[in-house]
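Geometric and topological summary
Okay, here's what each chain looks like letter by letter:
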Amino acid sequence: MQGKPTDQELVRRTLAGDLRSFEEIVKRHQQGVFGVIFRLVKNKEEAEDLAQDAFIKCYQNLEKFDQGRPFIPWIYRIASNLALTRLRQLKRRRFIPWEQVSFQIADQETADPVTSLEENEFKQEISCCLKNLKPLDQLVVILRYYKELNYDEIAYILQTTHNNVEVRLCRARKKLRRIFTEYQEVKSCSPVGKQKNSSIYTSIKN
Amino acid sequence: MLTCRETEELLDLYLDQELDPRKRENCEQHLRQCSHCRMLLQLRKQETEVIKNSFPVPELTPDFSRKVMAEISLNNKPQSRGILSRILSGRRSWMVPVIAASLLIFVISGLSSSDILTTSERDGAQEGASEIRGTQEPYIDFGRTEQQKQLTPLADTKALSNDESSISSGEDGIPDFTPGYLPAGFVQEGVSVPGSQRGDEADHTKQPIVFSYHNPQTGGYINLEISKADSAAEPSTGREQGITRSAEKEGQHYLLTITGNIPLEELKKVADSLR
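The structure contained in this document is the topic of the report that follows. (Residues numbered from 1 in each chain as written. Chains lettered and ligands numbered in written order. Predicted model: local features only at pLDDT ≥ 70, side-chain atom pairs only at ≥ 80, totals over all residues. Heavy atoms only, no water.)

**Quick look at the overall build of chain B**
Check the secondary structure of chain B and you find ten helices and seven strands. Looking at the 275 residues of chain B, the share that counts as buried comes to 36%. Put simply, of all contacts in chain B between residues at least 6 apart along the chain, 55% involve residues at least 24 apart. When the accessible surface of chain B is split by element, carbon and sulfur atoms take 52% of a total near 16500 Å². (Helix = DSSP H or I, 4+ residues; strand = E, 2+ residues; numbered from the N terminus. Buried < 20%, exposed > 50% of the residue type's maximum accessible area, 1.4 Å probe, protein only. Contact = heavy atoms within 4.5 Å. Areas by Shrake-Rupley, 256 points an atom, 1.4 Å probe, with all protein chains shown as cover.)

Structure follows, in structure tokens:
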């Protein structure tokens, strides 16, 4: 039985001159690469351009890829480097194209629209908190939570140590946890307590 | 046995599966006995789920991969990325004006001191240029425009635009052998005279002409080599490197060799469609 070719197999075929194999690599990983970049730069057009650059750079450097290692951390490393470089350029120009991430607010199907709004507000707070982390800490959170990579893989992408990843993740979690704890308190408190403690609740009522 | 505080500190690593086996076992032992820490673990799991769902990513545009592949096919062939392209796109872009200025000086000084282009000839530079090529270089017209003829002597492979998909017969007597069939996605890439050099004294009409077709999406290529034969050659149907056909037009015998990196059946179809 013939299964799907592995990434390494596709790389081998590409290096042998089969461009269709590289197209398969692109299709296989485009959304993942785009996701990492988008969560860092928060702008769709910018993220698409950078994702395109990442695959082109990947193709140009394919011979350097160690086929004994997994492909995903390698392509994420290229993508992350490009995105971080772009963020540094934008920071120098004092311009960060923050695109408000759209959430589906108060879905018609939801039984309790107020709860849905609360959740969306909360999600926005989480994403704002992510935005305010240092870019490398953001990247660690993205790779751990959204890509479910292990610490060694993240360390490889960031070109740092296992311990450094652990420290960065711990720091980021503390900040995120503050918001999360507040949300849990709001949920468990009475309506009066909600009004007192929750900016989320206040914004909904207004 | 771990305390609650110690266990709490290990919970993130426990969920991330980053604990060594001994610590993991200790942690699990505590969790089995402590409902408070189990609740905390549950809370951390919830937290993870919420974070995962809190930052949606839009879908990529549907033709993303096509755009990447087009870019790679057109501009990023590793072989074609030469020194000039690296200078133009890389950190040494400051060299661009320097190179441009040097070229300008070179061209101006070349034109002013040239014996070929005298002042009177500069008025009719096009005719003059044609004369020079006519005497010094093998030059074959394959349906290119007058401007292209002046700019591209046929010593190396030259890319043609996609709309020039058919090739008309040339002045050197090579008739039209345009294939009636090309696999999907293939476009004519160029035409070349293998081994020809500037000032080559050899009879260029005897040299084979190679027409190249290329599929930018797949990297596939087909080469059609046409050479004059002294007499009717034996056609073969399956040489290792391709397919050979013999043809006769206007009393002249030709040997047509079709090679490429596509399946043999496809090559045969191309060979059979040669007009």
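So, next bit.
**Concerning helix H1 (residues 4–15) of chain B**
All names here are of chain B. Along its twelve residues, H1 runs 16 Å from first to last C-alpha, staying within 8% of the 16 Å computed at 1.5 Å per residue. Where H1 is concerned, the buried positions are Thr-7, Leu-10, Leu-11, Asp-12, Leu-13 and Tyr-14. Taken from the residues just after H1, Gln-17 is the one with a positive phi, measuring 55°. (Expected span 1.5 Å × (residues − 1).)

**Structural notes on the environment of A:Arg39**
One can find A:Arg39 in helix H2 (residues 19–41). On the basis of relative accessibility, which here comes to 8%, the residue A:Arg39 falls in the buried class. Spatially, the C-alpha atom of A:Arg39 lies 8.4 Å from that of A:Leu139, the residues being 100 residues apart in sequence. Among the polar contacts listed, one links the side chain of A:Arg39 to the backbone oxygen of B:Phe55, at a separation of 2.9 Å. (Polar contact = N/O pair within 3.5 Å; in protein donor to acceptor, adjacent residues only side chain to side chain.)

**Some words on the interface of chain A and chain B**
Across the contact, 45 residues belong to chain A and 37 residues belong to chain B. Buried area between chain A and chain B, summed over both chains or domains, comes out near 3900 Å², and the portion from carbon and sulfur atoms is 64%. Notably, a salt bridge pairs B:Lys52 with A:Glu148, separated by 2.4 Å at the nearest N-O pair. Our count for the contact surface shared by chain A and chain B stands at 13 residue pairs in polar contact (both at pLDDT 80 or more). Elements represented by at least two residues in the side of chain A that touches chain B include exactly H2, helix H3 (44–60), helix H5 (113–132), helix H6 (135–146) and helix H8 (162–188) of chain A. (Buried area = accessible area lost by both parts, 1.4 Å probe. Salt bridge = Lys/Arg side-chain N within 4 Å of Asp/Glu carboxyl O.)

**Structural notes on the nonpolar core**
If you look at the biggest cluster of nonpolar residues, it comprises 77 residues, and the most contacted ones within it are A:Phe22, A:Val33, A:Ile37, A:Phe71 and A:Leu143. Counting residues per element, this core draws most heavily on H2(A), which supplies eleven residues. If near-sequence neighbours (up to four positions away) are discounted, A:Ile37 is found in contact with A:Lys42, A:Ala47, A:Leu50, A:Ala51, A:Ala79 and A:Ala83. Judged by nonpolar contacts, the second largest core, of 18 residues, contains B:Phe177, B:Ile222, B:Ile243 and B:Val270. (Core = buried A, V, L, I, M, F, W, Y, C linked by side-chain atoms within 4.5 Å.)

**Focus: the packing of helix H4 (residues 71–92) of chain A against helix H7 (residues 151–158) of chain A**
Residue and element names in this part refer to chain A. Their axes nearest at 8 Å, the elements H4 and H7 cross at an angle of 40°. Our classification of the angle between H4 and H7 gives oblique. Here H4 runs over H7; the crossing is right-handed. On H7, the residues touching Pro-73, Trp-74, Tyr-76, Arg-77 and Ser-80 of H4 are Glu-153, Tyr-156 and Ile-157. (Axes fitted to C-alpha atoms, helices over the stretch in contact; angles between N-to-C directions. Parallel < 35°, antiparallel > 145°, perpendicular 65-115°, else oblique. Left-handed = near helix turned anticlockwise from the far one by under 90°.)

**Overview of the packing of aromatic side chains**
As enumerated under the stated definition, the model contains eight aromatic pairs over all chains in all. Ring plane angle 50° and centroid distance 5.9 Å describe the contact between A:Phe71 and A:Trp74, whose orientation is recorded as tilted. Of this pair, A:Phe71 and A:Trp74 are both found in helix H4, three residues apart, which corresponds to roughly one turn of the helix. Residue A:Trp74 is classed as buried on the basis of its relative accessible area of 10%. An aromatic cluster of at least three residues, connected via ring pairs, comprises A:Phe34, A:Phe38, A:Tyr146 and B:Phe55. Taking the ring centre of A:Tyr156 as reference, the NZ or CZ of A:Arg77 above it sits at 4.4 Å. (Phe/Tyr/Trp six-rings, centres within 6.5 Å; stacked < 30°, edge-to-face > 60°. Lys NZ or Arg CZ within 6 Å of the ring centre and 35° of its normal.)

**Re the pattern of salt bridges**
Residues and elements named next belong to chain B. What the rule picks out here adds up to 22 salt bridges over all chains. With a shortest N-O distance of 3.7 Å, Glu-28 and Arg-24 are connected by a salt bridge. One end of the pair is Glu-28 and the other is Arg-24, both in helix H2 (residues 21–33) and four residues apart, which spans about a single turn. On the basis of relative accessibility, which here comes to 25%, the residue Arg-24 falls in the partly exposed class.

**Comments concerning the side chain of A:Gln30**
With respect to the secondary-structure elements, A:Gln30 resides in helix H2. Dropping the residues within four chain positions of it, A:Gln30 is found in contact with A:Phe55, B:Leu60, B:Phe64 and B:Ser65.

**A look at the pairing of strand E3 (residues 209–215) of chain B**
All names here are of chain B. Most of E3 sits out of view: seven of its seven residues are buried. Of the two faces of E3, the one lined by Ile-209, Phe-211, Tyr-213 and Asn-215 and the one lined by Val-210, Ser-212 and His-214 are each fully buried. With seven bridges connecting them, E3 and strand E4 (residues 220–229) associate as antiparallel partners. Its bridge partner being in E4, Val-210 is matched across the sheet by Glu-225. (Pairing = 2+ DSSP bridges.)

**Remarks on unusual backbone geometry**
Residues and elements named next belong to chain A. Of note in the backbone geometry, Lys-42 takes a positive phi value of approximately 55° without being a glycine. Turning to its location among the elements, Lys-42 is positioned in the loop between H2 and H3. Notably, Glu-148 is not glycine yet its phi reads approximately 55°, a positive angle. Relative to the helices and strands, Glu-148 is located in the loop between H6 and H7. Looking at Glu-148, the relative accessible area reads 49%, which means it is partly exposed.

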